[in-house]
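Summary of structural features
Each chain is listed here by its residues.
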Amino acid sequence: MVSQRYPHLFSSITIGNMTVRNRIVSTAHATVFAQDGRPGPALNAYQAEKAKGGCGLVICYGSASVHPSSPGKDWGGVEIHDDSIIPYFQKAAEAVHQYGAKIISQISHRGRRGTTDLYWQALLAPSPIPERSHRETPHQMEIEDILMIVEAYGQAARRVKEGGFDGVEILMGGGHLPEQFFSPFSNRRDDEYGGSLENRMRFAFQVLDSVRAKVGQDFVVGIRLTGDELIEGVISKNSLKWPTIWKWVNLMGEEFIEKALGLDVYVEIAKRLATTGKIDYINVVGGTTEYLGGQSAAVPPSFFAPGSFVYQSVAIKEVVDIPVIAVGRILDPLQAERILAEGQADLVAMTRALIADPEMPKKAMEGRLDDIRPCVGNNQGCVGRLFGGKPITCIHNPVIGREEELAVIEPAAQKKRVVVVGGGPAGLEAARVAAIRGHEVVLFEKGRELGGQIRTMANAPGREEYISISDWLINQVKKLGVDIRLGVEATPQAVKQEKPDAVVVAAGSTPLPPSVSDIENIQLTYPEDVLMERVTVGDKVLIIDEDNHHKGPATAEFLTERGKEVEIVSSMFTIGEDIDLSTKPVVY
């Protein structure tokens, strides 16, 4: 029955000489789990859980560095600079292969995407044009520099093969060095590497030649390629939720808009690369990192509609005869099956969905859709933490990043009676895990419904999907037989009456009031009351944003949509200071 429901998603596919058991892909992404530039037990366990959960293809190590001029270990990345990495790769391959999945390593050079503050060596790039995020002028590569890096790509690919991996993926998008050569904005050269599209692609062709020369024809070589730099008007035509990012692009100047590459150019680039016969698949990524908001497009948050960037894989698939991987908020098996059934792609990247629930493929095959922990596109735990150099997590799944200690929930040695105080996400998760371990659980919630502040935030514009966090947790605790007491305050007497062996207090908190006592004739209220529409708000509203996260801006959006005149003040340098950089431009 399950195979009939997902005949495309769970069918095998051959890529080069590699057969993958299904069409579900976890794409390469930074994790900050590597140790001294090498994959260790924590990173291996993280990847292995995806394979164990049923993922078909695990692509590892976002931006794995091919050369010391593009270092990675200081931010928890993988470096493939010499043969000492090979034994570490062998252990990583074994960790994934034991569960039947295939494993590929991405390889990359960041070019001008970086800073010399940590490494004390010049950034390398096609031309001395600063990247708009890091704003540091790079060194224009001489011909000998280009040839050196081309050779480094080939040697890195050889090490991946000798490490027992099934293939290698060359990152040619995401603002990295090959894309910097493609772009007339970052490539101002007047030699054989600049000018015409053919010349601007020369570096990429040479990298492909180098890689194939080192790994031969019996090893999978893929590329990750931008599908569209997403300049003016593109989002508004292809997203149902977020109108446009063109105002942000305009801040970068007319020259950038004029030189930015659209879907038509990247389709041509994909066609020319595929025509070489040296690549086995194309993994499409939406957007670029060249402008403010570009990271939002590369890792679209909840403000984007599911599948917003699948149109890019559709266009590329029309001009190549090798498998194409679609990306862009592909969240659940039914959506993924539809994309494949309609011929929009050959495989689907479900990376953040697999972070939220590594067992998603297995649960889908077993027909347990309501047990799949959903990704809500928050980005705070995964990509958002990377900007601060922190290991990724998931706001919804506390196991992520701690797979070695938390992935397996062991039955308790002794069954106990546990009282949980509070029906928000913390209390629900505590009750869920306690029940799985075999304890008898009673949950007190003094309100009339479960969900806590997740339910409040889900009322804010663009964050409606957050309610699925609460819905999933509530469904799970009910299925596990947790005794839920709604509208009951956990007084000492009420708790003692249950004769518990343990009490978990997850009662939440009350915000501190701002110091506004010197302002007369005002109505003081809190965002929670506004978002839940428990109060009537006047026409002119001042929001004091000391939360420094989503709460202030979300409340502002909520009120502005209702015709209120809103002003926000904060003691920080920006509003929503701590909102991650993949989401902040969209919020703004």
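Structurally, Ile 149 is set in helix α4 (residues 143-162). The spatial distance from the C-alpha of Ile 149 to the C-alpha of Asp 209 is 13 Å, given a sequence separation of 60 residues. Not counting residues up to four positions away in its chain, the partners in contact with Ile 149 are His 67, Ser 69, His 109, Leu 124, Met 141, Leu 177 and Phe 203.

To continue, consider the side chain of Arg 373. When you line up the elements, Arg 373 lands in the loop between α16 (360-365) and α17 (383-386). The class of Arg 373 is buried, set by a relative accessible area of 5%. In this structure the side chain of Arg 373 is engaged in a polar contact, spanning 2.3 Å, whose partner is the backbone oxygen of His 396. If near-sequence neighbours (up to four positions away) are discounted, Arg 373 is found in contact with Ala 356, Asp 357, His 396, Asn 397, Pro 398, Glu 429, Arg 432 and Trp 472.

Counting across every chain of the model gives nine aromatic pairs. Summarising the aromatic geometry, the rings of Tyr 153 and Phe 203 are spaced 6.2 Å apart at their centres and angled 75° between planes, so their arrangement reads as edge-to-face. Of the two residues, Tyr 153 sits in helix α4 while Phe 203 sits in helix α7 (residues 202-215), which places them 50 residues apart along the sequence. Note on accessibility: Tyr 153 and Phe 203 belong to one class, buried. Here the aromatic rings of Phe 304 and Phe 309 are separated by 5.5 Å at their centres, their planes lie at 70°, and the arrangement is edge-to-face. Phe 309 sits in the buried class, given a relative accessible area of 3%. Each member of the aromatic cluster is reached from another via a ring pair, and the members are Tyr 153, Phe 181, Tyr 193 and Phe 203. In this structure, Arg 562 is placed above the aromatic ring of Phe 558, and the distance from its NZ or CZ to the ring centre is 3.6 Å.

Reading the values: the criteria
Residues numbered from 1 in each chain as written. Predicted model: local features only at pLDDT ≥ 70, side-chain atom pairs only at ≥ 80, totals over all residues. Heavy atoms only, no water. Helix = DSSP H or I, 4+ residues; strand = E, 2+ residues; numbered from the N terminus. Contact = heavy atoms within 4.5 Å. Buried < 20%, exposed > 50% of the residue type's maximum accessible area, 1.4 Å probe, protein only. Polar contact = N/O pair within 3.5 Å; in protein donor to acceptor, adjacent residues only side chain to side chain. Phe/Tyr/Trp six-rings, centres within 6.5 Å; stacked < 30°, edge-to-face > 60°. Lys NZ or Arg CZ within 6 Å of the ring centre and 35° of its normal.

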